[in-house]
Amino acid sequence: MPSLAGKTIFITGASRGIGKQIALRCARDKANIVIAAKTTVPHPKLPGTIYTAAEEIEKAGGKCLPCVVDVRDEEQVIKAFEEAAKKFGGIDILINNASAISLTNTTDTPMKRYDLMHSINARGTFLCSKVAIPYLKKSSNPHILMNSPPISLNPFWFKSHVAYTVAKYNMSLYALGLSAELRESGIAVNALWPKTAIDTDAITLIAGDDHRKRCRRPEIMADAAYAILTQDSRSCTGNFFIDETLLRQQGVTDFDQYAVVPGTKDFVLDFFLDENLSQLQQDKSPLGMPKSAASAASGAAPSVEQIFDQIKTLLKPELLKQINSVYAFDLQGDKWYLDMKNDNGSAGQGEPPSGKAQCTFKMSKSDFAAMFAGKLKPTAAFMGGKLKIQG
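The chain is annotated in an unreviewed UniProt entry as Hydroxysteroid dehydrogenase-like protein 2 from Adineta ricciae. Note on the chain: under the UniProt heading Sequence similarities (unreviewed entry), the record states "Belongs to the short-chain dehydrogenases/reductases (SDR) family."

Undergrad: How would you sum up the packing of aromatic side chains? Please name residues and give values.
TA: Working definition: an aromatic ring pair is given by the centre-to-centre distance plus the angle between the planes. Counted under the stated rule, the structure contains 18 aromatic pairs. Seen in terms of ring centroids, Phe-81 and Tyr-135 are 5.9 Å apart; in terms of plane orientation they differ by 20°. Their pairing is stacked. On the criterion of sequence distance, the pair formed by Phe-81 in helix H3 (residues 74–88) and Tyr-135 in helix H4 (residues 111–136) is long-range, its members being 54 residues apart. Residue Phe-81 is classed as buried on the basis of its relative accessible area, which comes to 0%. Measuring from ring centre to ring centre gives 5.4 Å for Tyr-169 and Phe-272, while their planes differ by 50°; the resulting arrangement is tilted.

Undergrad: Break down the environment of Ala-328 for me, with residues and values.
TA: Mapping Ala-328 onto the fold places it in strand S8 (residues 325–331). It is 48 Å that separates the C-alpha atoms of Ala-328 and Glu-83, two residues lying 245 residues apart in sequence. Excluding residues within four positions of it along the chain, Ala-328 makes contact with Trp-336, Tyr-337, Ala-357, Cys-359, Thr-360 and Phe-361.

Undergrad: Please set out the side chain of Thr-8 residue by residue, giving values where relevant.
TA: Among the structural elements, Thr-8 can be located in strand S1 (residues 8–12). Using a relative accessible area of 1% as the deciding quantity, one classes Thr-8 as buried. For Thr-8, the side chain forms a polar contact with the side chain of Asn-32, separated by 3.2 Å. A polar contact of 3.4 Å, which involves the side chain of Thr-8, links it to the backbone oxygen of Gly-90. Once residues lying within four places of it in the same chain are set aside, the contact partners of Thr-8 are Asn-32, Val-34, Phe-88, Gly-90, Ile-91, Asp-92 and Ile-93.

What counts as what
Within every chain, residues take consecutive numbers counted from 1 along the sequence as written. For a predicted model such as this one, the threshold for reporting local features is a pLDDT of at least 70, and the threshold for listing and counting side-chain atom pairs is 80 or more; totals across whole chains, interfaces and linings nevertheless cover every residue. With hydrogens and water stripped out, all remaining heavy atoms of the structure feed into the side-chain values. UniProt positions are given in the numbering used here, feature names are shortened, and annotations may be inferred rather than shown by experiment. Pairing of aromatic side chains requires ring centres within 6.5 Å, counting the rings of Phe and Tyr and the six-membered ring of Trp. Pairs whose planes differ by under 30 degrees are stacked, by over 60 edge-to-face, and all others tilted. Numbering goes from the N terminus for both helices and strands, where a helix is a DSSP run of H or I of at least four residues and a strand is a run of E of at least two. Only protein chains enter the accessibility calculation, which uses a 1.4 Å probe. A residue is then buried if its area is under 20% of the maximum for its type, exposed if over 50%, and partly exposed in between. By the convention used here, residues are in contact when the closest approach between their heavy atoms is within 4.5 Å. Nitrogen and oxygen atoms within 3.5 Å of one another constitute a polar contact, given that in protein one can donate a hydrogen and the other can accept it, and given that sequence-neighbouring residues count only through two side-chain atoms.

Okay, here's the thing in structure tokens:
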């Protein structure tokens, strides 16, 4: 059977999430893992550093070199590759996993955030690939793998967050171009993307626990990446793989093992896949909201005031402790707020009395009512441009 034993794998952004799970899967083969990331001290709300990840990797059976690397910094990238080659004798695989995201429209995207996305997703991916190539040419089975989607020019994927889409597609364009450029050198270049949303600490921090219950665990991406990296580099290149499709081709039939909540069928579908498009646009399954609110909305459309009255009944100490945030709503110019952070919580019309909100939601009153009635999923609203988020 193919194995990554003794192979050296350089992974960007692997201190947590999908990158770390790929590292752990490869470590089970006793591979050498290079973690190239910036996280050296714990984030206030996100667990994991390059050092804690290194401990987990070595417990899983691999050897690990944690390197402090900002993929935008050429000197740091070059130094990390040199240290990795010196320690392990070479480099066999590069996984461009590091990425930045901002799901904002053009006017709501600060140039600082634009620059960050393009510097990491585009420049960082190009830089790491460029530096890796001389090392990979010495490997017997070299691979470059991008965590990026297949390219679609459907305007739907651009209209709500064109800056992020273009930044992410740069990674995919590099996969396409490098696979052709490096084919004669025997270096495989492929891309991998999930069919469903993946449960990571960063996404949970943004979207909340209800979102993560409808996600798959990052192990599905790790198993799919492993299936790619153990292929012959001269015959497996230039592909845009989807995790579920690839694993089915590999004979996997039990996908319930990857569900955050076993038995889940109604997964949040991921962006950029045309096969997901119609469901993202039309999905109207319930949100899991209280039956009283859903039933109130099933007849005559409730007013915004009625919805916020219902929300007030849900404000419990345990929920406030879990959420600990203040939200603002701009509903066609009418201002509303939801304070799930201060005192006993509050909700109503106007600006948050406690100060600035951490996040502002913009949408029409009718779409707001439909969303809280379970007739419009937040995912579909956001992807369809009906819901805009700032903060």
